[in-house]
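Single-letter residue listing:
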Amino acid sequence: MSPFPRNQWYVAAYAHEVGRELFTRTVCGESVLLWRTEAGEVAAMADRCIHRRFPLSETPSRLVGDSVVCGYHGFTYGANGVCTAVPGQARVPRTARLNTYPVKEQDSFVWVWIGERDKADETLIPRSPWLDSPRYTTVCGMEPLAARYGLLVDNLLDLSHETYLHGGYIGTPEVAETPITTEVDEAAGVVHVSRHMDDAECPPFYAKSTGITGRITRWQDIEYHAPCLYLLHSRIAPVGAPGPNADGSDLHAFHVEVVYAITPETEHSTHDFWAVARDFALEDQEVSDFLRENNRTVVLQDVAALDKLEQVIASESAGAQELSINIDTGGLAARRLLKRLTEAGSEARGTNERQSLAVS
Amino acid sequence: MSPFPRNQWYVAAYAHEVGRELFTRTVCGESVLLWRTEAGEVAAMADRCIHRRFPLSETPSRLVGDSVVCGYHGFTYGANGVCTAVPGQARVPRTARLNTYPVKEQDSFVWVWIGERDKADETLIPRSPWLDSPRYTTVCGMEPLAARYGLLVDNLLDLSHETYLHGGYIGTPEVAETPITTEVDEAAGVVHVSRHMDDAECPPFYAKSTGITGRITRWQDIEYHAPCLYLLHSRIAPVGAPGPNADGSDLHAFHVEVVYAITPETEHSTHDFWAVARDFALEDQEVSDFLRENNRTVVLQDVAALDKLEQVIASESAGAQELSINIDTGGLAARRLLKRLTEAGSEARGTNERQSLAVS
Amino acid sequence: MSPFPRNQWYVAAYAHEVGRELFTRTVCGESVLLWRTEAGEVAAMADRCIHRRFPLSETPSRLVGDSVVCGYHGFTYGANGVCTAVPGQARVPRTARLNTYPVKEQDSFVWVWIGERDKADETLIPRSPWLDSPRYTTVCGMEPLAARYGLLVDNLLDLSHETYLHGGYIGTPEVAETPITTEVDEAAGVVHVSRHMDDAECPPFYAKSTGITGRITRWQDIEYHAPCLYLLHSRIAPVGAPGPNADGSDLHAFHVEVVYAITPETEHSTHDFWAVARDFALEDQEVSDFLRENNRTVVLQDVAALDKLEQVIASESAGAQELSINIDTGGLAARRLLKRLTEAGSEARGTNERQSLAVS
């Protein structure tokens, strides 16, 4: 069985990472070649020449106009994956083409679809509109994680770890102390976890970026769209400030939208995309620099812990026990959703493999 | 089957290695967390939080008084392994506790018991009293060995290798030339190998430390307490000096007690603890420095050879042949003992695993 | 089944690599110890002491006259593999001897035979007489390849890759464009691939070494003697120059004999021996230096590509598809030959293993 849900959209890259250089990223174990046509469209195709499996992203492979030329023997492909030239003969075999992937640019991400092609259109890509909205300023990055994606999902669904792993950055005692509420939308595949702290210490991450000096009301509203997109709606306001209005406006608070895209690279490694969008100090470069640096430090604290945990788990027999408590409700719900999606994708995978054999 | 005898005491550390910092060492494949209480007692417990398996030795986990606080989500444990606090709720689950290990300090070592708890008390820990005796001065160290523990047992039970692998340090032609006598105490699990050289070259190790300039009588009396403790009673005297008296006194000789604790880390790696205790030049720092440096060099010669041998053996099919001769009698006897102890421990292991499942 | 043809001669080393130092090289998974006797004969034997498997090439093992002394316990062997001394006893066990390998020096190479000893004499070693002929000047080297040997065979049998992977060195557009002719001598186990370019650009490799400034006639005549020896007879002449005479003389052309010995080290690594022999500018050191450096660069371009390809193939499921076209005719023929030789060798292997058990 596949270790990932396959019939799903995944973030393969930031839009700004893909241009007129051949770019490769492994998604769910598949090596995807990404590049832009001269017209600016993103092309996504298998990063393996059909001839002898040479990676098309590997030097001296290169982009010539809207064609990819393999650096080993010169097999040449268009943006639709069709082979247009081979060495030593004029005739190109009829079946010579690369598998292509459905691909969409949205909200500053490049999303690809790894599973059965005909199910791509019926599946909506979850949104994170803040990332390219003019009403927000965003800092972002991607850190490679040498751990299975489920460990990052566990991590992000239970923010009580902020108090311990991220103390002095985003964690304060109130995060671990305050109980959560959890709701699961099974049909939509979304887990909601909320923690509303009425009177909490303001951690440096928010104190320095907002300028608040005293204690705060701090809301953490998580919205996890399994498998790939994690949203943390973070609302910060001085204690005693008025709450949001009935129409959704909320002038007395600072809002930070923390976005993670969790993309399995292999069974034991993950692309950890992170972005922090704020609705204040929009032009303030110092705030941007601070949030970028601070959030990256926090992400790298997670990466260090999860990389270690991956080693622990990989070295243990499968039956090593865990003990779960209330804080784990969201994480356990996410695991159930992911298991269901993975099982559904695995049936699909068999079908897809037969198809790709027929094509090549 | 376990690759180690499990129902046995093993040296996990020197006593001086364990203090008020969280310290971890893997023994027979189990990660053991070691620390001292404020009262100075050694605590030994599983180095894995029961919640999500995070290593309790890993930063930012920390010791607070006599409690260990997990650096991931703050699960907190006492020296008895019992969990005393968890995040987000006041109630601590009744079953929340870490597996602890029987532990004893003796002869400058910290010994732990990995197997069935109820058999620990009925098993005596072998002694090496010289190491903390005021009548001896000791230098010691520990070298990590990337080889299975059996290769180190083979190595130490057959000292003919001193002539070749340690020539110019502790080896002279007479060691390889002189036949050995071997006795096995099957009930006690002890192998004795003796080599008495009546008229031998004095190697630098003994010449420089004792000041003897001519040829020597050199006795090597090995006492291997399977699996973990190896003693080499080394007696050096100028040729012609009187032998030991009937009452055990032996004023005309120099005595060096070489002690190895052989602790399996994993199936393919070993903790190689070594100590050299002498009954002469007790206050002479130069002699101490020389013996420490010289013996460490010798140990590292073994480590280099055995690390290489591990690679050889790991790359070969299981049936690769050896040819054994007289010098191997002690090593072959040790292998038989270890095989018997391992088989006994493996029955035990099944039982133990069921118990630990019931606990967690 | 063995991944290699076993009943075959393989190049283990250049003759100049083997002297009065113990030298080891792994051939088809077997560690072979090579050294020269005082009379200058090459000895080839298992690089594992029969006692405890210590590598005889490993320090402090050493050569004493015409004997190898193991650095662990001093087991001593003659050039015929027979053990002549062991520690602690005068009697040497009758069966104590190392497996030796049939070995021959020819054409500057040391060839060894890994398979069934009695078939060695009936198998001819293919020739590359240019390498030590006074009528040629040769530069050579060996690059370790972290890829299965079959990938190097594929690479060398299809030179259309020169245009892409070696553009600017030995590749020009005409190589990939010009069709090949392929012939297979099944009985002899030889594949011939020829590509004759009548009017081609002269690549720097030939322009700088021959001094030709215009376009050339370029013949590439490959002769692959499976599994180990690959010959590329390269003929370069200015366009319009007379061809070879009926008697074989060919005064108006430059001849370069490119020789590869392809020796499997392990299932996933290969010794890539390469030599370039020329019949012009025999005394010109600058030409020698240029050809050595240029050809080594070309070989390292192959090594980088094939190392990458090995990683790709090793990470893929066995059924990953390839698409073959006309240029692959020679490579596919070579695969068939190698498969046949491997299957024949594997039957042999069983027999040989029983024999070596009987010996040791």
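Owing to the predicted nature of the structure, the values given are computational and were not obtained by experimental measurement.

Novice: Teacher, can you tell me more about the overall build of chain A here?
Specialist: Along the backbone of chain A there are 6 helices and 17 strands. Its C-alpha radius of gyration of 22 Å places chain A within 12% of the 21 Å reference for a compact globule of 360 residues. Each principal axis of the C-alpha distribution contributes one length, and for chain A these read about 75 × 50 × 35 Å. Split into buried and exposed, the 360 residues of chain A put 58% on the buried side. If you take every contact in chain A between residues at least 6 apart in sequence, the share linking residues at least 24 apart comes to 59%. Accessible area of chain A: about 14700 Å², with a carbon and sulfur share of 50%. Side-chain charges in chain A split into 32 positive and 50 negative, and the spacing between the mean points of these groups amounts to 9 Å.

Novice: Explain the pattern of salt bridges to me, please; I cannot follow it from the model alone.
Specialist: Oppositely charged side chains can pair when the atoms bearing their charge come close. Applying the stated criterion across every chain, the model contains 72 salt bridges over all chains. Residues A:Glu316 and B:Arg48 are paired through a salt bridge, measuring 3.5 Å at the closest nitrogen-oxygen approach. Taken together, the positions of A:Glu316 in the loop between α5 (285-315) and α6 (329-359) and B:Arg48 in the loop between β4 (42-46) and β5 (62-64) put the pair across two chains. Considered together, A:Glu316 and B:Arg48 belong to a single accessibility category, that of buried residues. Of the charged contacts in the structure, one is a salt bridge between B:Asp250 and B:Arg235, with a shortest N-O distance of 2.6 Å. In this pair, B:Asp250 sits in the loop between β15 (229-238) and β16 (254-266) while B:Arg235 sits in strand β15, placing the two residues 15 residues apart along the sequence. For the pair B:Asp250 and B:Arg235, a shared accessibility class is recorded, and that class is buried.

Novice: Explain the sheet that holds strand β2 (residues 23-27) of chain C to me, please; I cannot follow it from the model alone.
Specialist: Strand pairing in a sheet takes place through backbone hydrogen bonds and is either antiparallel or parallel in direction. Residues and elements named next belong to chain C. The strand order β2-β3-β4 describes an open sheet built from 3 strands, whose pairing is antiparallel. Two strands bound the open sheet, and with one partner strand each, they are β2 and β4 (42-46). Ignoring strand direction, the axes of neighbouring strands in this sheet form an average angle of 30 degrees. Note: strand β3 (residues 30-36) against β4, 5 bridges, orientation antiparallel. Of the residues in β4, the one forming a bridge with Leu33 is Met45.

Novice: It is not clear to me how the relation of the copies chain C and chain B should be interpreted in this structure. Could you clarify?
Specialist: What relates the two chain copies is a rotation about an axis together with a slide along it. Placing chain C over chain B gives an RMSD of 0.0 Å and needs a rotation angle of 120 degrees, together with 0.0 Å of translation along the axis. With respect to symmetry, the two chain copies, as superposed, fit the operation of a three-fold axis.

Novice: Looking at this structure, how should I read the interface of chain A and chain C?
Specialist: Buried accessible area, meaning the area lost when the parts come together, often serves as the stated size of an interface. Listed as interface residues are 25 residues of chain A and, on the opposing side, 28 residues of chain C. Of the roughly 2200 Å² buried where chain A meets chain C, counting both sides, 59% is carbon and sulfur surface. Contact with chain C buries surface across chain A, with A:Arg52, A:Arg53 and A:Tyr72 losing the most and accounting together for 33% of the total. Linking chain A to chain C there are 5 salt bridges. At the junction of chain A and chain C, the tally comes to 12 residue pairs in polar contact (both at pLDDT 80 or more). When the residues that make up the side of chain A that touches chain C are grouped by side-chain class, the tally is 13 nonpolar, 8 polar and 4 charged.

Novice: I'm lost on helix α5 (residues 285-315) of chain C in this one. Help?
Specialist: Side chains three or four residues apart in an α-helix point the same way, a direct result of the helix having 3.6 residues per turn. When the terminal C-alpha atoms of α5(C) are compared, their 44 Å separation across 31 residues agrees well with the 45 Å that a helix rising 1.5 Å per residue should span. Two or three places before C:Glu286, at the start of α5(C), stands the capping residue C:Asp284, its side-chain oxygen 2.9 Å from that residue's backbone nitrogen.

Novice: Which parts of the structure should I look at to understand the UniProt feature "domain: Rieske" (unreviewed entry) in chain A?
Specialist: Cross-referencing UniProt, the feature "domain: Rieske" (unreviewed entry) maps to residues 9-112 of chain A in the present numbering. Helix makes up 0% of residues 9-112 of chain A and strand 41%, and the two end C-alpha atoms of the span are 6 Å apart.

Novice: Explain the packing of aromatic side chains here, please?
Specialist: Any pair of aromatic rings gets described here by the distance separating the centres and the angle formed by the planes. Under the definition given, this model contains 30 aromatic pairs over all chains. Relative to A:Trp111, the ring of A:Phe109 lies with its centre 6.1 Å away and its plane at 90 degrees, an arrangement referred to as edge-to-face. Note on A:Phe109: relative accessible area 1%, which makes it buried. By relative accessible area, A:Trp111 is classed as buried at 1%. Ring centres of B:Tyr14 and B:Phe273 lie 5.4 Å apart, and the angle between their planes is 80 degrees; on these two criteria the pair is classed as edge-to-face. Remark: B:Phe273 occurs in strand β17 (residues 269-278) and B:Tyr14 occurs in strand β1 (residues 9-14); sequence separation between them is 259 residues. In terms of burial, B:Tyr14 and B:Phe273 fall into one category: buried. Chaining the aromatic ring pairs together yields one cluster made of A:Tyr14, A:Phe109, A:Trp111 and A:Phe273. Over the ring of A:Trp219 we find A:Arg235, and its NZ or CZ is 4.5 Å from the ring centre.

Novice: Explain the environment of B:Leu300 to me, please; I cannot follow it from the model alone.
Specialist: With respect to the helices and strands, B:Leu300 occurs in helix α5 (residues 285-315). Spatially, the C-alpha atom of B:Leu300 lies 38 Å from that of B:Tyr72, the residues being 228 residues apart in sequence.

Novice: It is not clear to me how the interface of chain C and chain B should be interpreted in this structure. Could you clarify?
Specialist: Across the boundary between the two partners, chain C contributes 25 residues, which contact 28 residues of chain B. Taken together, the links from chain C to chain B amount to 5 salt bridges. Here C:Arg52 makes a salt bridge to B:Glu322, at a shortest N to O gap of 3.3 Å. At the junction of chain C and chain B, the tally comes to 12 residue pairs in polar contact (both at pLDDT 80 or more). Of the residues that constitute the side of chain C that touches chain B, the class distribution is 13 nonpolar, 8 polar and 4 charged.

Novice: Would you mind going over the sheet that holds β1(B) with me for this structure?
Specialist: All names here are of chain B. Ordered in space as β1-β10-β9, the 3 strands form an open sheet in which the pairing is antiparallel. Each edge of the open sheet carries a strand with a single partner, namely β1 and β9 (103-106). Along the sheet, successive strands turn relative to each other by an average axial angle of 35 degrees, direction set aside. Where β9 meets strand β10 (residues 109-113), 4 bridges bridge the pair, whose relative direction is antiparallel. Each residue of the ladder has a partner; that of Lys104, found in β10, is Trp111.

Novice: How should I be thinking about the packing of helix α1 (residues 149-157) of chain A against α5(A) in this particular structure?
Specialist: Axes are the key here: two packed helices are described by the angle between their axes and the distance separating the axes. Residue and element names in this part refer to chain A. At a closest axis distance of 10 Å, the pairing of α1 and α5 adopts a crossing angle of 130 degrees. The orientation of α1 with respect to α5, classified from their angle, is oblique. In this structure, the crossing between α1 and α5 has a hand that is right-handed. Along the contact surface, α1 presents Leu151, Leu152 and Asn155, while α5 presents Asp302, Leu306, Leu309, Glu310 and Ile313. For the contact of α1 with α5, the per-class residue count stands at 5 nonpolar, 1 polar and 2 charged.

Novice: Is there a simple way to explain the domain arrangement of chain A in this structure?
Specialist: Residues and elements named next belong to chain A. Domain assignment breaks chain A into domain 1 (8-123) and domain 2 (134-315 + 326-341). Relative placement of domain 1 and domain 2: their C-alpha centres are 33 Å apart. Summed over both partners, the interface of domain 1 with domain 2 buries about 1200 Å², with 71% contributed by carbon and sulfur atoms. Here domain 1 and domain 2 share 0 salt bridges between them.

Definitions and limits used
- Residues numbered from 1 in each chain as written.
- Chains lettered and ligands numbered in written order.
- Predicted model: local features only at pLDDT ≥ 70, side-chain atom pairs only at ≥ 80, totals over all residues.
- Heavy atoms only, no water.
- Helix = DSSP H or I, 4+ residues; strand = E, 2+ residues; numbered from the N terminus.
- Rg over C-alpha atoms; globule rule 2.2 N^0.38 Å.
- Buried < 20%, exposed > 50% of the residue type's maximum accessible area, 1.4 Å probe, protein only.
- Contact = heavy atoms within 4.5 Å.
- Areas by Shrake-Rupley, 256 points an atom, 1.4 Å probe, with all protein chains shown as cover.
- Lys, Arg positive; Asp, Glu negative; His and termini not counted.
- Charge placed at Lys NZ, Arg CZ, Asp CG, Glu CD.
- Salt bridge = Lys/Arg side-chain N within 4 Å of Asp/Glu carboxyl O.
- Pairing = 2+ DSSP bridges.
- Axes fitted to C-alpha atoms, helices over the stretch in contact; angles between N-to-C directions.
- Least-squares fit on C-alpha atoms with pLDDT ≥ 70 in both.
- Buried area = accessible area lost by both parts, 1.4 Å probe.
- Polar contact = N/O pair within 3.5 Å; in protein donor to acceptor, adjacent residues only side chain to side chain.
- Nonpolar A, V, L, I, M, F, W, Y, C, P; charged D, E, K, R; others polar.
- Expected span 1.5 Å × (residues − 1).
- UniProt positions renumbered as here; feature names shortened; annotations may be inferred.
- Phe/Tyr/Trp six-rings, centres within 6.5 Å; stacked < 30°, edge-to-face > 60°.
- Lys NZ or Arg CZ within 6 Å of the ring centre and 35° of its normal.
- Parallel < 35°, antiparallel > 145°, perpendicular 65-115°, else oblique.
- Left-handed = near helix turned anticlockwise from the far one by under 90°.
- Domains from an automatic or database assignment.

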